[in-house]
Amino acid sequence: MSLVKATQLLRIAMRATGRSGVTLQDIREEIGCSHRTAQRWTAALEEAFPQTVMEDGDDRQRRWNVPARYVAPLLTPSGDEFAALGAAIAELDNRGLAEQARLLRDLRAKMRTLSPVSGRARNEVDEEIMLQALGHATRPGPKPAVIAEVEAALIEAFKGPFLIETTYEKVSGDKRRRRLAPHGLLLGTRRYLVARDVEKAVFAPLQHFRLEGLTQIQVLSETFEPDRDFELRKHAETGFGSYVDERQVVTVVCRFAPIAAGRASEFLFHPTQKLEHEKDGSLLVRFKACGLLEMCWFLYQWGDSVEVLQPSELREMVHPYRRPFSAFP
(Lines give C-alpha, C1' and ligand atoms only; values in the text may rest on other atoms or scores of the structure.)
Protein backbone atom coordinates (compact mmCIF):
# COMPACT_ATOMS: atom_id res chain seq x y z
CA MET A 1 0.00 0.00 0.00
CA SER A 2 1.33 3.44 -0.97
CA LEU A 3 1.95 6.11 1.65
CA VAL A 4 -0.98 8.18 0.34
CA LYS A 5 -3.40 5.27 0.57
CA ALA A 6 -2.11 4.33 4.02
CA THR A 7 -2.76 7.89 5.17
CA GLN A 8 -6.26 7.80 3.69
CA LEU A 9 -7.00 4.48 5.41
CA LEU A 10 -5.85 5.95 8.71
CA ARG A 11 -8.21 8.91 8.21
CA ILE A 12 -11.09 6.50 7.64
CA ALA A 13 -10.10 4.52 10.73
CA MET A 14 -10.05 7.73 12.78
CA ARG A 15 -13.62 8.51 11.72
CA ALA A 16 -14.63 4.93 12.46
CA THR A 17 -13.65 5.38 16.12
CA GLY A 18 -16.43 7.92 16.59
CA ARG A 19 -19.64 7.03 18.39
CA SER A 20 -21.59 6.78 15.12
CA GLY A 21 -18.83 4.98 13.23
CA VAL A 22 -18.21 5.60 9.54
CA THR A 23 -20.61 5.05 6.61
CA LEU A 24 -19.99 4.63 2.91
CA GLN A 25 -21.17 8.21 2.40
CA ASP A 26 -18.67 9.40 5.05
CA ILE A 27 -15.87 7.63 3.19
CA ARG A 28 -16.94 9.14 -0.14
CA GLU A 29 -16.82 12.62 1.39
CA GLU A 30 -13.52 12.00 3.22
CA ILE A 31 -11.62 10.50 0.29
CA GLY A 32 -13.57 11.94 -2.64
CA CYS A 33 -14.30 8.61 -4.28
CA SER A 34 -17.16 6.63 -5.85
CA HIS A 35 -19.57 4.33 -4.00
CA ARG A 36 -17.79 1.24 -5.37
CA THR A 37 -14.38 2.53 -4.25
CA ALA A 38 -15.80 3.31 -0.79
CA GLN A 39 -16.87 -0.33 -0.52
CA ARG A 40 -13.30 -1.40 -1.26
CA TRP A 41 -12.07 0.95 1.47
CA THR A 42 -14.32 -0.80 4.02
CA ALA A 43 -12.77 -4.13 3.00
CA ALA A 44 -9.31 -2.62 3.53
CA LEU A 45 -10.44 -1.28 6.90
CA GLU A 46 -11.61 -4.72 8.04
CA GLU A 47 -8.35 -6.27 6.86
CA ALA A 48 -6.11 -3.73 8.58
CA PHE A 49 -8.22 -3.65 11.77
CA PRO A 50 -9.75 -7.09 12.45
CA GLN A 51 -11.53 -5.56 15.49
CA THR A 52 -13.84 -3.64 13.13
CA VAL A 53 -17.54 -4.12 13.89
CA MET A 54 -20.14 -3.70 11.14
CA GLU A 55 -23.78 -2.99 11.94
CA ASP A 56 -26.88 -1.51 10.38
CA GLY A 57 -28.25 1.63 12.07
CA ASP A 58 -31.84 2.73 12.56
CA ASP A 59 -31.44 5.00 9.54
CA ARG A 60 -30.75 1.90 7.39
CA GLN A 61 -27.15 2.92 6.84
CA ARG A 62 -24.41 0.40 7.37
CA ARG A 63 -21.71 1.60 9.76
CA TRP A 64 -18.21 0.39 10.55
CA ASN A 65 -16.81 0.92 14.05
CA VAL A 66 -13.24 0.46 15.23
CA PRO A 67 -12.44 0.58 18.99
CA ALA A 68 -10.31 3.68 19.54
CA ARG A 69 -7.63 1.81 21.50
CA TYR A 70 -6.56 -0.03 18.36
CA VAL A 71 -6.11 3.15 16.33
CA ALA A 72 -4.68 5.49 18.99
CA PRO A 73 -1.07 4.14 18.87
CA LEU A 74 -0.92 5.13 15.18
CA LEU A 75 -2.02 8.72 15.75
CA THR A 76 1.16 10.55 16.75
CA PRO A 77 0.69 14.29 16.05
CA SER A 78 3.17 15.82 13.60
CA GLY A 79 5.12 19.03 14.02
CA ASP A 80 2.83 20.72 11.49
CA GLU A 81 -0.23 19.70 13.51
CA PHE A 82 1.30 21.05 16.71
CA ALA A 83 2.10 24.26 14.79
CA ALA A 84 -1.53 24.58 13.66
CA LEU A 85 -2.62 24.16 17.29
CA GLY A 86 -0.07 26.78 18.37
CA ALA A 87 -1.40 29.18 15.73
CA ALA A 88 -4.92 28.68 17.06
CA ILE A 89 -3.70 29.41 20.59
CA ALA A 90 -1.98 32.60 19.45
CA GLU A 91 -5.12 33.72 17.62
CA LEU A 92 -7.24 33.18 20.73
CA ASP A 93 -4.71 35.19 22.74
CA ASN A 94 -4.81 37.92 20.12
CA ARG A 95 -8.61 38.08 20.36
CA GLY A 96 -8.44 38.34 24.14
CA LEU A 97 -9.91 34.87 24.81
CA ALA A 98 -7.39 33.91 27.49
CA GLU A 99 -9.39 31.06 29.02
CA GLN A 100 -9.95 29.31 25.67
CA ALA A 101 -6.24 29.73 24.87
CA ARG A 102 -5.37 28.16 28.23
CA LEU A 103 -7.56 25.14 27.49
CA LEU A 104 -5.82 24.59 24.16
CA ARG A 105 -2.41 24.92 25.83
CA ASP A 106 -3.44 22.21 28.29
CA LEU A 107 -4.58 20.02 25.39
CA ARG A 108 -1.27 20.56 23.59
CA ALA A 109 0.66 19.62 26.73
CA LYS A 110 -1.36 16.40 27.09
CA MET A 111 -0.78 15.52 23.44
CA ARG A 112 2.97 16.02 23.84
CA THR A 113 3.02 13.85 26.96
CA LEU A 114 1.16 11.04 25.20
CA SER A 115 3.36 11.21 22.09
CA PRO A 116 6.24 8.74 21.73
CA VAL A 117 9.57 10.04 23.02
CA SER A 118 11.24 9.25 19.72
CA GLY A 119 10.62 12.10 17.30
CA ARG A 120 9.30 14.45 20.00
CA ALA A 121 12.29 16.81 19.77
CA ARG A 122 12.00 16.93 15.97
CA ASN A 123 8.31 17.79 16.22
CA GLU A 124 9.05 20.66 18.60
CA VAL A 125 11.63 22.07 16.16
CA ASP A 126 9.17 21.75 13.25
CA GLU A 127 6.49 23.46 15.33
CA GLU A 128 8.77 26.40 16.17
CA ILE A 129 9.81 26.84 12.54
CA MET A 130 6.20 26.79 11.33
CA LEU A 131 5.00 29.24 13.97
CA GLN A 132 7.76 31.70 13.12
CA ALA A 133 6.95 31.35 9.42
CA LEU A 134 3.26 31.98 10.09
CA GLY A 135 4.07 35.06 12.12
CA HIS A 136 2.16 33.86 15.18
CA ALA A 137 5.12 33.40 17.50
CA THR A 138 5.23 37.11 18.32
CA ARG A 139 2.34 39.01 16.79
CA PRO A 140 2.47 42.78 17.38
CA GLY A 141 -0.41 45.22 17.30
CA PRO A 142 -3.31 46.32 19.49
CA LYS A 143 -5.84 43.84 20.81
CA PRO A 144 -8.73 43.92 23.28
CA ALA A 145 -7.81 43.82 26.95
CA VAL A 146 -8.51 40.49 28.63
CA ILE A 147 -11.36 40.44 31.15
CA ALA A 148 -10.72 37.02 32.64
CA GLU A 149 -13.64 36.81 35.06
CA VAL A 150 -16.16 37.91 32.41
CA GLU A 151 -14.78 35.48 29.85
CA ALA A 152 -14.79 32.55 32.27
CA ALA A 153 -18.36 33.30 33.37
CA LEU A 154 -19.66 33.53 29.80
CA ILE A 155 -18.02 30.25 28.81
CA GLU A 156 -19.73 28.56 31.76
CA ALA A 157 -23.07 30.20 30.86
CA PHE A 158 -22.92 29.03 27.24
CA LYS A 159 -22.55 25.42 28.39
CA GLY A 160 -25.98 25.39 30.07
CA PRO A 161 -27.14 27.57 28.65
CA PHE A 162 -27.56 29.46 31.93
CA LEU A 163 -28.82 32.94 32.65
CA ILE A 164 -26.30 35.47 33.94
CA GLU A 165 -26.73 38.43 36.25
CA THR A 166 -24.40 41.34 35.75
CA THR A 167 -23.99 45.05 36.20
CA TYR A 168 -23.86 46.74 32.80
CA GLU A 169 -22.55 50.26 32.26
CA LYS A 170 -23.54 52.02 29.03
CA VAL A 171 -21.23 54.41 27.21
CA SER A 172 -23.33 57.23 28.64
CA GLY A 173 -22.37 56.13 32.15
CA ASP A 174 -25.82 54.76 33.02
CA LYS A 175 -25.33 51.63 35.13
CA ARG A 176 -27.79 49.00 36.39
CA ARG A 177 -28.11 45.33 37.24
CA ARG A 178 -29.42 43.04 34.47
CA ARG A 179 -30.47 39.41 34.01
CA LEU A 180 -29.40 38.22 30.56
CA ALA A 181 -29.83 35.14 28.38
CA PRO A 182 -26.51 34.93 26.46
CA HIS A 183 -26.70 33.72 22.84
CA GLY A 184 -23.18 34.34 21.52
CA LEU A 185 -20.13 36.58 21.23
CA LEU A 186 -19.13 38.93 18.42
CA LEU A 187 -15.37 39.38 18.29
CA GLY A 188 -13.39 42.12 16.61
CA THR A 189 -11.89 45.51 17.41
CA ARG A 190 -14.73 45.67 19.89
CA ARG A 191 -16.37 42.66 21.52
CA TYR A 192 -20.08 42.29 22.14
CA LEU A 193 -22.27 39.82 23.99
CA VAL A 194 -25.45 39.00 22.07
CA ALA A 195 -28.13 38.43 24.70
CA ARG A 196 -31.75 38.99 25.66
CA ASP A 197 -32.69 40.98 28.73
CA VAL A 198 -35.14 38.54 30.35
CA GLU A 199 -36.69 41.23 32.50
CA LYS A 200 -38.07 42.96 29.42
CA ALA A 201 -40.98 41.76 27.26
CA VAL A 202 -41.05 38.06 26.33
CA PHE A 203 -40.45 38.80 22.66
CA ALA A 204 -37.91 41.58 23.23
CA PRO A 205 -35.22 41.59 20.52
CA LEU A 206 -31.69 40.43 21.17
CA GLN A 207 -29.34 43.21 22.25
CA HIS A 208 -25.59 43.80 22.11
CA PHE A 209 -23.63 44.48 25.27
CA ARG A 210 -20.00 45.63 25.29
CA LEU A 211 -17.87 43.13 27.21
CA GLU A 212 -15.98 46.06 28.74
CA GLY A 213 -19.24 47.25 30.28
CA LEU A 214 -19.95 44.00 32.14
CA THR A 215 -18.90 43.80 35.79
CA GLN A 216 -19.82 41.76 38.87
CA ILE A 217 -20.98 38.95 36.61
CA GLN A 218 -22.62 35.87 38.12
CA VAL A 219 -23.74 32.64 36.39
CA LEU A 220 -27.16 31.57 37.66
CA SER A 221 -28.43 27.99 37.98
CA GLU A 222 -31.51 28.90 35.92
CA THR A 223 -31.46 27.68 32.31
CA PHE A 224 -33.29 29.13 29.30
CA GLU A 225 -34.36 28.13 25.80
CA PRO A 226 -32.26 29.92 23.13
CA ASP A 227 -34.07 31.49 20.19
CA ARG A 228 -34.57 28.76 17.60
CA ASP A 229 -34.40 31.18 14.69
CA PHE A 230 -31.14 32.77 15.82
CA GLU A 231 -27.92 31.78 14.03
CA LEU A 232 -24.84 33.61 15.25
CA ARG A 233 -22.93 33.25 11.97
CA LYS A 234 -25.74 34.76 9.88
CA HIS A 235 -26.27 37.45 12.48
CA ALA A 236 -22.57 38.36 12.45
CA GLU A 237 -22.48 38.55 8.65
CA THR A 238 -24.96 41.43 8.84
CA GLY A 239 -22.21 43.66 10.17
CA PHE A 240 -19.00 44.91 8.59
CA GLY A 241 -17.11 44.32 11.83
CA SER A 242 -18.19 43.32 15.31
CA TYR A 243 -20.95 45.94 15.54
CA VAL A 244 -24.32 44.60 14.36
CA ASP A 245 -27.67 46.34 14.13
CA GLU A 246 -29.90 44.81 11.47
CA ARG A 247 -31.99 47.99 11.36
CA GLN A 248 -28.97 49.92 10.04
CA VAL A 249 -28.02 47.71 7.07
CA VAL A 250 -27.17 49.81 4.01
CA THR A 251 -25.86 49.22 0.49
CA VAL A 252 -22.21 50.26 0.25
CA VAL A 253 -20.44 51.05 -3.02
CA CYS A 254 -16.74 52.01 -3.09
CA ARG A 255 -14.40 52.68 -6.00
CA PHE A 256 -10.70 51.86 -5.60
CA ALA A 257 -8.30 53.72 -7.89
CA PRO A 258 -6.27 51.68 -10.43
CA ILE A 259 -3.15 51.95 -8.24
CA ALA A 260 -5.02 50.25 -5.36
CA ALA A 261 -7.36 47.97 -7.32
CA GLY A 262 -5.04 44.98 -7.36
CA ARG A 263 -4.54 45.07 -3.62
CA ALA A 264 -8.24 45.69 -2.92
CA SER A 265 -9.25 42.70 -5.04
CA GLU A 266 -7.32 40.47 -2.62
CA PHE A 267 -9.59 41.46 0.30
CA LEU A 268 -12.86 39.92 1.36
CA PHE A 269 -14.57 43.08 2.55
CA HIS A 270 -17.85 41.29 3.29
CA PRO A 271 -19.47 37.90 2.47
CA THR A 272 -22.07 39.66 0.28
CA GLN A 273 -19.54 41.61 -1.77
CA LYS A 274 -19.56 41.88 -5.55
CA LEU A 275 -16.51 43.11 -7.45
CA GLU A 276 -16.60 44.93 -10.78
CA HIS A 277 -13.47 45.86 -12.72
CA GLU A 278 -13.85 49.06 -14.72
CA LYS A 279 -12.20 49.92 -18.04
CA ASP A 280 -9.81 52.44 -16.50
CA GLY A 281 -8.45 49.78 -14.13
CA SER A 282 -10.37 50.87 -11.04
CA LEU A 283 -12.39 48.44 -8.92
CA LEU A 284 -15.98 48.78 -7.69
CA VAL A 285 -16.85 46.94 -4.48
CA ARG A 286 -20.52 46.51 -3.47
CA PHE A 287 -21.96 44.87 -0.36
CA LYS A 288 -24.73 45.23 2.21
CA ALA A 289 -23.87 45.63 5.90
CA CYS A 290 -24.18 47.83 8.96
CA GLY A 291 -21.47 49.44 11.06
CA LEU A 292 -20.52 52.67 9.28
CA LEU A 293 -17.94 53.60 11.92
CA GLU A 294 -15.96 50.36 11.45
CA MET A 295 -16.19 50.82 7.68
CA CYS A 296 -14.78 54.32 8.11
CA TRP A 297 -11.89 53.05 10.22
CA PHE A 298 -10.99 50.50 7.54
CA LEU A 299 -11.48 52.70 4.48
CA TYR A 300 -9.39 55.52 5.93
CA GLN A 301 -6.33 53.26 5.64
CA TRP A 302 -6.67 53.43 1.83
CA GLY A 303 -6.21 57.20 1.84
CA ASP A 304 -7.21 59.04 -1.33
CA SER A 305 -7.15 55.78 -3.33
CA VAL A 306 -10.72 54.97 -2.34
CA GLU A 307 -13.91 56.86 -3.15
CA VAL A 308 -17.17 56.14 -1.36
CA LEU A 309 -20.06 56.36 -3.82
CA GLN A 310 -22.79 55.38 -1.37
CA PRO A 311 -24.21 55.77 1.19
CA SER A 312 -23.81 59.50 1.55
CA GLU A 313 -23.38 59.18 5.35
CA LEU A 314 -20.28 57.04 4.93
CA ARG A 315 -18.93 59.32 2.20
CA GLU A 316 -19.19 62.29 4.53
CA MET A 317 -17.35 60.37 7.27
CA VAL A 318 -14.45 59.29 5.03
CA HIS A 319 -13.81 61.92 2.36
CA PRO A 320 -12.86 65.01 4.40
CA TYR A 321 -9.97 63.11 5.99
CA ARG A 322 -8.48 61.26 3.03
CA ARG A 323 -4.78 61.72 2.38
CA PRO A 324 -2.14 59.85 0.35
CA PHE A 325 -0.31 56.97 2.05
CA SER A 326 2.88 55.25 0.92
CA ALA A 327 1.34 51.77 1.23
CA PHE A 328 -2.02 50.02 1.36
CA PRO A 329 -3.39 47.74 4.11
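Provided above is the structure to which this section pertains.
Parameters at a glance
- Residues numbered from 1 in each chain as written.
- Predicted model: local features only at pLDDT ≥ 70, side-chain atom pairs only at ≥ 80, totals over all residues.
- Heavy atoms only, no water.
- Salt bridge = Lys/Arg side-chain N within 4 Å of Asp/Glu carboxyl O.
- Helix = DSSP H or I, 4+ residues; strand = E, 2+ residues; numbered from the N terminus.
- Buried < 20%, exposed > 50% of the residue type's maximum accessible area, 1.4 Å probe, protein only.
- Expected span 1.5 Å × (residues − 1).
- Pairing = 2+ DSSP bridges.

Q: Can you help me understand the pattern of salt bridges in this one?
A: Opposite charge on two side chains permits pairing when their charged atoms draw close. Considering all chains together, one arrives at 21 salt bridges under this definition. Salt-bridge contacts for Asp106 lead to Arg102; the nearest nitrogen and oxygen are separated by 2.8 Å. Of this pair, Asp106 and Arg102 both sit in helix H6 (residues 98–114), four residues apart, which is roughly one turn of that helix. The class for Asp106 is partly exposed, based on a relative accessible area of 34%. The exposure class assigned to Arg102 is partly exposed, which follows from its relative accessible area of 37%. Between Glu165 and Arg177 there is a salt bridge, with the nearest N and O atoms lying 3.3 Å from each other. Linking Glu165 in strand E3 (residues 162–169) with Arg177 in strand E4 (residues 175–186), this pair joins segments that are twelve residues apart in sequence. Each of the salt bridges in this network shares a partner with another, and the network as a whole consists of Arg11, Arg15, Asp26 and Glu30.

Q: Got a minute to help me understand helix H8 (residues 148–159) in this structure?
A: Spanning twelve residues, H8 covers 17 Å between terminal C-alpha atoms, matching the ideal 16 Å at 1.5 Å per step. What H8 keeps buried is the set Val150, Glu151, Ala153, Leu154, Ile155 and Ala157.

Q: Even after reading the chapter, I still don't get the pairing of strand E10 (residues 283–289), so can you show me in this structure?
A: In regular strands, side chains alternate between the two faces of the sheet. With five of its seven residues buried, E10 lies for the most part within the structure. Of the strand pairs in this sheet, strand E8 (residues 250–256) and E10 are connected by seven bridges, and their pairing is antiparallel. Bridge pairing in E10 places Cys254 opposite Val285. Where strand E9 (residues 274–277) meets E10, four bridges bridge the pair, whose relative direction is antiparallel. Its bridge partner lying in E10, Leu275 is registered against Val285. Hairpin connection of E9 to E10: five residues between the antiparallel strands, including Gly281 at a positive phi of 95°.

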